[in-house]
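One-letter residues, chain by chain:
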Amino acid sequence: MKVAKFGGTSLASAEQIMKVCDIVAADPQRRLVVVSAPGKRYKEDIKVTDLLISLAEKYMEDNSAQKELAAVVDRYRDIARGLDLEEDIVETIADDLRQRLDAWSGNKGKFMDSLKAAGEDNTAKLVAVYLSSKGYNASYINPKDAGMILSDEFGNARVLPESYDRLKQLAEREGIMIFPGFFGYSASGDVVTFPRGGSDITGSILAAAVNAEVYENFTDVDSVYAANPNVIENPKAIPVFTYREMRELSYAGFSVLHEETLEPVYRKGIPVNIKNTNNPKAPGTLIVASRKSEGPVVGIASDKGFCSVYISKYMMNREIGFGRKVLQILEDEGIPYEHIPSGIDNISVILREKVFNSDAQARVLKRIREELAVDDVAVHRNKALVMVVGEGMTHTVGIAVRATGALAKAGINIEMINQGSSEVSMMFGIDAEDNVKAVKALYAEFFEE
Ligand code: ASP
């Protein structure tokens, strides 16, 4: 069987949902269908998940949020009417939302996740009703009954290993199953969501659990491109990536797949096919374990929002346990780190700025100074990481010189180079304001004649 996941733009309106149903009906192997919440219909539109977040915030503040509730219900009503469904389904959705609001108990994380999950959950119910109204044997699957058990981290959950064995049983069921993306349940029974954009992760977990032939991820582009189309005009379409390449590219800002998507399918070697709901005949982009060389570089990605903690101490290399102590301080603060480029007497720890606010910075720097007796410690903010990605690239002579040469010609100062440990990418730390310029320079170097 195939697992087919549809993103927010594929469910944004009645017209889009009709396309989804045509795609599902066109292939009897598409039996496990994962849906996101309705996304944007046009550029300035608001995603249902964002409407739900506003609803939850307003309700927590004022214990009432009529306008915000109506905004969500209206989106579903529009869709239901466009699909010629009875008003009942809209009433069911409105009741479901009211029940979630009534359950407010003062636990912000729990309340927010319950509301955020309502987008996917009600969309799955609606799509199942629509497919049934068209005569298909389709049913809504409740993630709790199916066994989607996640860690107890509101808004940032991860799948627990025992889920796979339970979800595997979905393969035995008859008919088309409509599974809501983005959330599951904690062992204690609370709704918990993945990070934003996490319906991709749901699809990948299900594909691995049922050992799908392919995980089809339907979105609104014909292909994945070698660079962000908002930065590069008409970038080159890439027909095949490896898991490792895609992992690196989505880490550094390729938004076509959530960064955590590939782990479950990668472990089972299940191919991922990214396809376009608006043009399902196009072959899309495949992500597989290995591919014939397309040339050393397949993509240029970059992401802002990084900072570095630079630490120096004379004779650091002789001090056993120095690195561990630095990382222990971060662990005590619950701060994940991204990279640790180091020299003989210095080490930089690269962090995402969003996990390192000024309070955390003050605490960490104080401890580093006091406990590690360093010569210098400083934080540099507003950094970007630019990545040149391609399988086997680091074995090709001359790539580094071309990349650094292109950045130098564009007048961009490279503050960090990280190449050693990954065979698939070369990473440059630069000032965030040079971000776009860097992608353009590297794209021109590797992809333009
Ligand atoms: N609806 C959720 C979001 O907007 C999850 C998803 O679409 O994947 O983040």
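Below is a short write-up of the structure.

## Re the overall build of the chain
Looking only at helices and strands, the chain has 14 helices and 18 strands in total. In summary, the chain has a C-alpha radius of gyration of 24 Å against a globular reference of 22 Å for 449 residues, a match within 12%. C-alpha extents for the chain along the principal axes are approximately 70 × 55 × 40 Å. The 449 residues of the chain split such that 53% are buried.

## Notes on the site of the ligand
Residues in contact with the ligand, as listed here, are Ser36, Lys47, Thr49, Glu120, Phe182, Arg196, Gly197, Gly198 and Ser199. Note that a nitrogen atom of the ligand is positioned 2.7 Å from one of the side-chain N or O atoms of Glu120. Between an oxygen atom of the ligand and a side-chain N or O atom of Arg196, the distance comes to 2.6 Å. Looking at the shell around the ligand residue by residue, the classes come out as one nonpolar, five polar and three charged.

## Regarding the environment of Thr285
Note that Thr285 resides in strand 13 (residues 285–288). The exposure class of Thr285 is buried, given its relative accessible area of 0%. Sequence separation of Thr285 and Leu442 is 157 residues, and the distance between their C-alpha atoms is 22 Å. Excluding its chain neighbours within four sequence positions, the residues that come into contact with Thr285 are Ser223, Val224, Ile238, Pro239, Phe241, Val272, Asn273 and Ile274. Looking at Thr285, its side chain comes within polar contact range of the side chain of Ser223, at 3.1 Å.

## Remarks on unusual backbone geometry
With a phi close to 60°, Asp84 is a non-glycine residue in the positive phi region. With respect to the helices and strands, Asp84 occurs in the loop between helix 3 (66–82) and helix 4 (88–102). Residue classification places Asp84 among the exposed positions, given a relative accessible area of 71%. If you check the backbone angles, Phe182 has positive phi at about 80° while not being a glycine. As for its placement among the helices and strands, Phe182 is situated in the loop between strand 5 (176–180) and strand 6 (183–186). Relative accessible area serves as the criterion here: at 3%, Phe182 is assigned to the buried category.

## Some points on the sheet that holds strand 7 (residues 191–193)
One open sheet accounts for three strands, arranged 4-6-7; its pairing is mixed. The open sheet has two edge strands with one neighbour each: strand 4 (149–150) and strand 7. Together, strand 6 and strand 7 form the strand contacts of helix 5 (residues 108–133), whose direction differs from that of strand 7 by roughly 80°.

## Brief notes about the packing of helix 1 (residues 14–26) against helix 5
The interhelical angle for the contact between helix 1 and helix 5, taken along N-to-C directions, is 65°, at an axis separation of 11 Å. Like other packed secondary-structure pairs, helix 1 and helix 5 cross with a definite hand, here right-handed. Seen from helix 1, the contacting residues are Ile17, Met18 and Cys21; seen from helix 5, they are Leu126, Val127, Tyr130 and Leu131.

## Things to note about the sheet that holds strand 12 (residues 272–276)
In spatial order, the strands read 3-5-2-1-8-12-13-11; together these eight strands make up an open sheet with mixed pairing. A single partner strand is all that each edge strand has here, and the edge strands are strand 3 (138–140) and strand 11 (240–242). Within this sheet the neighbouring strands show an average axis-to-axis angle of 20°, counted without direction. Both strand 8 (residues 214–219) and strand 12 contribute to a ladder of five bridges, which runs parallel. Bridge pairing in strand 12 places Thr219 opposite Asn276. Helix 1 contacts strand 1 (2–6), strand 2 (30–35), strand 5 and strand 8 of the sheet and is inclined by roughly 155° relative to strand 2.

## Regarding the nonpolar core
Ranked by size, the top nonpolar core spans 72 residues in total, and within it Leu170 and Phe179 carry the most contacts. Not counting residues up to four positions away in its chain, the partners in contact with Leu170 are Leu32, Ile141, Ala146, Met177, Phe179, Leu206 and Val210. Listed in part, the 49 residues of the second largest apolar core include Ala37, Ala80, Ile89 and Ala118.

## Considering the packing of aromatic side chains
Applying the stated criterion to the full structure yields seven aromatic pairs. Judged by centre distance (4.7 Å) and plane angle (10°), the rings of Phe6 and Phe218 are stacked. Note that Phe6 is positioned in strand 1 and Phe218 in strand 8, a separation of 212 residues in sequence. Like Phe6, the residue Phe218 is buried in the burial classification. Taken together, the ring pairs connect Tyr59, Trp104 and Phe111 into an aromatic cluster. The side chain of Lys125 reaches across the aromatic face of Tyr140, ending 5.3 Å from its centre.

About the thresholds
Residues numbered from 1 in each chain as written. Predicted model: local features only at pLDDT ≥ 70, side-chain atom pairs only at ≥ 80, totals over all residues. Heavy atoms only, no water. Helix = DSSP H or I, 4+ residues; strand = E, 2+ residues; numbered from the N terminus. Rg over C-alpha atoms; globule rule 2.2 N^0.38 Å. Buried < 20%, exposed > 50% of the residue type's maximum accessible area, 1.4 Å probe, protein only. Near = heavy atom within 4 Å. Polar contact = N/O pair within 3.5 Å; in protein donor to acceptor, adjacent residues only side chain to side chain. Nonpolar A, V, L, I, M, F, W, Y, C, P; charged D, E, K, R; others polar. Contact = heavy atoms within 4.5 Å. Pairing = 2+ DSSP bridges. Axes fitted to C-alpha atoms, helices over the stretch in contact; angles between N-to-C directions. Left-handed = near helix turned anticlockwise from the far one by under 90°. Core = buried A, V, L, I, M, F, W, Y, C linked by side-chain atoms within 4.5 Å. Phe/Tyr/Trp six-rings, centres within 6.5 Å; stacked < 30°, edge-to-face > 60°. Lys NZ or Arg CZ within 6 Å of the ring centre and 35° of its normal.

Geometry only, nothing functional implied.
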